[in-house]
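# Fold and contact review
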Amino acid sequence: MSLFRSQLICKAHPPIELPLLAIGTWSWGDVGGTWGGAGTTKEKAALKEAWEEIVRGGDKVFLDTAEIYSKGASERIIGELRRNAPKEVQDRLVIATKWSPLPTPSRLMLPSGMVSALRASLERLGVEQVDLYQVHGPIHLFSFRAVGAALAQCVKLGLTKAVGVSNYSKDEMIKMHDILASHGIPLASNQIELSLLRRLPELSGLLAAAHERGIVPLAYSPLAMGRLGGRYSAANPPPTGRKFSNIPMGQAEPLLDVMREIAERRNVAVSAVALNYCISKGAIPLGGARNADQVKKNAQAVGWSLDKDEIARLEEKSFTGKTSWWWQHG
C-alpha cells in the first residue's frame, strides 16, 4: 500500500515524519459493538488480507488505536500482527494509542494512573514505546495542568515519543499546548472529527490555530462512519448506531452526487475524494479499513489533490456539524 510521505511532522525529539494517510483501527476486534462481526472467521481472514495490503511496499504505516477500542482487542491485534511481521515492517510502523480519561479506580491518581495505563497498552501492543500517546477526550476530572504533567511524565519515562490530545476545542488545545511547553514538551496532535459532513474544526478556527503552533490535526471519521464511502445512499443507509455525523442520507445525497462526479473524473473511489478533502485541509485522515478492498480504495486518496473548483463545489454541499457537551469539544 503506497501511502507516500507527508510534509507533516509530528513534534517530538527527534521529530516523527508521518505518512499522509493513517489507518484507524477502531473496528479491529469489535464484536457486537458499533462495527460488529469482527470475531468471525470471515472477518479475521479479511483483516489479515487488509494487513498484508497495508504493509505492502516500503512506506511508513501509521496505525491509530486506543485502549478502549474493543476493550483492548484492537491493541492486541496490532501487537500480534506486528510480532508476526518481518523486522523491516516492524521498523516502518508508527503506532499511536490513547488514554481513556474515564474515572475508574485505577485512574484516580496522576501521573501514576496514566503511566500505568500506558504500560498496559504497551504490553498489549508488544512494544516498549509508542510513537504518540493521546488523551482520548477532554472530559477528565483532573485539571489541565495535572493531565499535562502526566503526559510529560510519559515522555520523560521513555514510554512514548510524543503526546497529543483528542476532541479538544481550540481553546482547550491551546491551553494544553502552553502547559506542555512549560515542561519542555511539544503538543504533537489534536485528533478531531473532520469530514465533509463535519467541517466545524476548520470553521471554528481550530485547524488554523493548530497549524500556527505546529500541532498536527488528525481527522477521525473522515468517511463519516461509512456515509461518505460510496457504499451507502438514501436507499441503502448505514446500520444504526453510527452516531458521528449522523446526517440522514437523503440530506447528504447532493454532496454524494458531487463526490461521485469527481471520483469518476479522477478515476478514484468515492472514499478517496472524502479522504483527499481532509488532506487538503492539512489534516491526516484516519481511514478505517477492515478488508483489502477498503485499503486499496483509501490509498487512492494520495498522489493527487482536489483543485479549488472541486473543493468549492464540495463545500457548497457540505455540513458544519456540531459539538457535544460531553465528548466532542473540537
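Quick summary incoming for the structure in this document. (Residues numbered from 1 in each chain as written. Predicted model: local features only at pLDDT ≥ 70, side-chain atom pairs only at ≥ 80, totals over all residues. Heavy atoms only, no water.)

## Here we look at the environment of Val216
What counts is decided by this rule: Only DSSP runs of H or I covering at least 4 residues are called helices, and only runs of E covering at least 2 are called strands; the numbering of each starts at the N terminus.
Here Val216 lies in strand S9 (residues 216-220). Through-space distance from the C-alpha of Val216 to that of Ser189 is 4.5 Å; in sequence the pair is 27 residues apart.

## Describing a nonpolar patch on the surface
To keep things clear, this is the line we draw: Every patch collects residues that have over 30% relative accessible area and no salt bridge, joining them within 9 Å if they carry like charges and within 5 Å if they are nonpolar side chains (Val, Leu, Ile, Met, Phe, Trp, Tyr). Note that accessible areas follow from Shrake-Rupley with a 1.4 Å probe, and for residues the cover is restricted to the protein chains shown. A carboxyl oxygen of Asp or Glu within 4 Å of a side-chain nitrogen of Lys or Arg is what we treat as a salt bridge.
Taken together, the side chains of Leu102, Trp325 and Trp326 present a nonpolar region at the surface, about 410 Å² in accessible area. Along the polypeptide, Trp325 turns up in the segment after helix H12 (308-316).

## Quick word on the packing of helix H9 (residues 249-266) against H12
How we decide: Lines are fitted to the C-alpha atoms to define the axes, a helix being fitted only along its stretch in contact, and any angle between axes, read from their N-to-C directions, falls within 0 to 180 degrees. An angle below 35 degrees is read as roughly parallel, one above 145 as roughly antiparallel, one from 65 to 115 as roughly perpendicular, and any other as oblique. Note: crossing handedness is left-handed where the near helix turns anticlockwise from the far helix by less than a right angle, and right-handed where it turns clockwise. The contact rule is simple, with two residues in contact once any of their heavy atoms fall within 4.5 Å. In this count, Pro and Cys sit with the nonpolar residues alongside Ala, Val, Leu, Ile, Met, Phe, Trp and Tyr, while Asp, Glu, Lys and Arg are called charged and the others, Gly among them, polar.
It is at 8 Å that the axes of H9 and H12 come closest, and there the two elements cross at 155°. With respect to their mutual orientation, H9 and H12 come out roughly antiparallel. Classified by chirality, the crossing of H12 by H9 is left-handed. Residues Leu255, Val258, Met259, Glu261, Ile262, Arg265 and Arg266 of H9 pack against Glu310, Arg313 and Leu314 of H12. Each residue belonging to the contact of H9 with H12 can be placed in one class, and the counts come to five nonpolar, no polar and five charged.

## With respect to the pattern of salt bridges
Stated precisely, the cut-off is as follows: Burial here depends on accessible area, computed with a 1.4 Å probe over protein chains only, as a share of the maximum for the residue type. Under 20% is buried, over 50% is exposed, and the range in between is partly exposed.
The final tally for this structure, using the stated rule, is 19 salt bridges. Between Asp91 and Lys87 there is a salt bridge whose closest N-O contact spans 2.8 Å. A relative accessible area of 58% places Lys87 in the exposed class. Of the charged contacts, one joins Glu202 and Arg199 as a salt bridge, the two residues approaching to 3.3 Å between their closest N and O atoms. For Glu202, a relative accessible area of 26% puts it in the partly exposed group. Judged by its relative accessible area of 10%, Arg199 falls in the buried class. It is possible to trace a salt-bridge network through shared partners that takes in Glu261, Arg265, Arg266, Glu310 and Arg313.

## Points about the environment of Arg266
Position of Arg266 relative to the elements: it lies in helix H9. For the pair Arg266 and Gln300, spaced 34 residues apart in sequence, the C-alpha separation works out to 9.9 Å.

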